[in-house]
Each structure stands twice: as C-alpha cells, then as structure tokens.
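The residues making up each chain are set out below.
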Amino acid sequence: TQYAGLVIKNKNYANIPVNAFDADSNIINFLDLSNNRLKEIEPFAFKYLVRLFYLYLKNNELSVLKNGTFAGLIKLELLDLQYNSIVQIESRVFSGLISLKSLDLYWNNLEFTDQDTLYGLENHIEYVSLCYNKIKSIKKNTFMHLNKITNLDIANNKAELIEPEAFIEQSY
C-alpha cells in the first residue's frame, strides 16, 4: 500500500465540509492544514482518512471542537491544534482517537478542563500541552486516568482552582 502526505497551507479556507475527503483519500497518512483561516471542521469531515498518522491544524481560527470532528482517525498519533482560538471542546471529542500519543492545544483560549475533555485517551496518550491558555480551574479526575502520560504541560495559565484529585486519586 502506498501512502501520501498532503499539505494545504496558507489557502485561507474557512471550513472543512463533511465531504472534503472521500474514500479514495484513505492513502493519506500526513495532513497539514496549518496557516489557513479555518473556523469550523464539520463532524465526520475526516472519516475516510483511516490511515492518517499526523494531523496539523495549527495557526487557524478554530473555536469549538465538536463531537465527530475527529471520527474515523483510528491511526492518528499526533494532533496539533496550537495557535487557534479554541474556547470549547465538546465532551468526548477525542474518544475515537485510539492511537493518539501527542495532543498539542498550546496557545488557545480554553478556560477550564474536566474529566470529559480528554476522555478516551486514557490508555495511550503520552504528551498533552495545554500551556498558554486561560484555564482558571482544573476539575477533579481531569488527568488522573491518563495511564501512559509522560509529559503534561499546563504552564502559563490562570489557574485559580485546582480541585483535589485532579491529577491523582486520593486514598483514604
């Protein structure tokens, strides 16, 4: 099987529609959509990219990650979302990313995290960057089930509250 990389940068695209990639796109293993003006990725837009390992969406204008955004990306290992305007990550948006090892949400506008933000990444995610956001609170159980995590970067946020058991389970 042959694989292909696809780079579509600096094109000022505003959205990725559900039919942007068809069944013939399943040979793509590297996709770089950085430096566009993406505001929206419609759910299931990437559903045929079943062999995609690397997805770069940095330096766009994404504000909400909706459920289904990353559906079908079962081989994805790296997801780069840095330098967007993300304020909301819908519950369990990453749950189908069963191979994801690296998630970069550096320099967005996230104000909080909870246990559903990273739901589904428990047994394989190794690196998460949430630095340079606007995180004010970190809820109980947010990170405690990330069994494979080796690097968690939450520097340069505005944390006012870190709930007990945010990182580890308390034993009584």
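Residues numbered from 1 in each chain as written. Predicted model: local features only at pLDDT ≥ 70, side-chain atom pairs only at ≥ 80, totals over all residues. Heavy atoms only, no water.

Visitor: Talk me through the sheet that holds strand β9 (residues 102-104); I want residue IDs and the actual numbers.
Guide: Taken in spatial order, the seven strands make up an open sheet running β1-β3-β5-β7-β9-β11-β13, and their pairing is parallel. With partners counted over all chains shown, the strands left at the sheet margins are β1 (4-7) and β13 (151-153), one partner each. Taking each pair of neighbouring strands and ignoring which way they run, the sheet shows an average axis angle of 5°. Relative to β9, strand β7 (residues 78-80) runs parallel, the two sharing three bridges. (Pairing = 2+ DSSP bridges. Helix = DSSP H or I, 4+ residues; strand = E, 2+ residues; numbered from the N terminus. Axes fitted to C-alpha atoms, helices over the stretch in contact; angles between N-to-C directions.)

Visitor: Account for a nonpolar patch on the surface, naming residues and giving values.
Guide: Where nonpolar side chains cluster on the molecular surface, the patch consists of V50, I74 and I98 and spans about 240 Å² of accessible area. Examined against the element boundaries, V50 turns out to sit in the loop between β4 (40-41) and β5 (54-56). (Patch = residues over 30% accessible without salt bridge, like charges linked within 9 Å, V, L, I, M, F, W, Y side chains within 5 Å. Areas by Shrake-Rupley, 256 points an atom, 1.4 Å probe, with all protein chains shown as cover. Salt bridge = Lys/Arg side-chain N within 4 Å of Asp/Glu carboxyl O.)

Visitor: Can you tell me about the pairing of strand β3 (residues 28-32), naming the residues and giving the values?
Guide: Within β3, four of the five residues are buried, leaving the element largely enclosed by the surrounding structure. As paired strands, β3 and β5 are joined by three bridges and run parallel to one another. Among the inter-strand pairings, L31 is bridged to a residue of β5, identified as L55. (Buried < 20%, exposed > 50% of the residue type's maximum accessible area, 1.4 Å probe, protein only.)

Visitor: Which residues make up the pattern of salt bridges, and what values go with them?
Guide: For the structure on display, the rule yields seven salt bridges. One salt bridge connects K9 with D32, and the closest N-O pair in it is separated by 3.9 Å. Within this pair, whereas K9 is found in the loop between β1 and β2 (15-16), its partner D32 is found in strand β3, the two being separated by 23 residues in sequence. Using a relative accessible area of 9% as the deciding quantity, one classes D32 as buried. Close ionic contact of E163 with K139 constitutes a salt bridge, the shortest N to O distance being 4.0 Å. One end of the pair, E163, is in the segment after β14 (161-162); the other, K139, is in the loop between β12 (137-138) and β13, with 24 residues separating them in the sequence. The exposure class assigned to K139 is partly exposed, which follows from its relative accessible area of 31%.

Visitor: Help me get a handle on the sheet that holds β14, residues and values and all.
Guide: Spatial ordering of the open sheet is given by β10-β12-β14, a layout of three strands whose pairing is parallel. Whereas interior strands pair on both sides, the edge strands pair on one side only; in this sheet they are β10 (112-113) and β14. One ladder, built from two bridges, connects β10 with β12; its direction is parallel. Pairing of T113 across the sheet is with I138, part of β12.

Visitor: How would you explain the nonpolar core if you had to name every residue and give the values?
Guide: In terms of nonpolar packing, the biggest core is built from 39 residues, with F46, F70, L79, F94 and L103 touching the most fellow members. Setting aside its immediate chain neighbours within four residues, F94 contacts L65, F70, L79, I89, L103, T117, L118, Y119 and L121. (Core = buried A, V, L, I, M, F, W, Y, C linked by side-chain atoms within 4.5 Å. Contact = heavy atoms within 4.5 Å.)

Visitor: So what's going on with the side chain of D32? Residues and values would help.
Guide: Of note is the side chain of D32, whose polar atom sits 2.7 Å from the side chain of S34. When near neighbours in sequence (up to four residues on either side) are disregarded, D32 contacts L6, V7, I8, K9 and Y56. (Polar contact = N/O pair within 3.5 Å; in protein donor to acceptor, adjacent residues only side chain to side chain.)

Visitor: I'd like a rundown of the packing of aromatic side chains, residues and numbers included.
Guide: Following the criterion strictly, the structure yields 10 aromatic pairs and no others. Ring plane angle 50° and centroid distance 6.4 Å describe the contact between F53 and Y54, whose orientation is recorded as tilted. Members of the aromatic cluster, joined through ring pairs, are Y83, Y106, W107 and Y132. R92 extends its terminal NZ or CZ atom over the ring of Y119, reaching a point 3.8 Å from the ring centre. (Phe/Tyr/Trp six-rings, centres within 6.5 Å; stacked < 30°, edge-to-face > 60°. Lys NZ or Arg CZ within 6 Å of the ring centre and 35° of its normal.)

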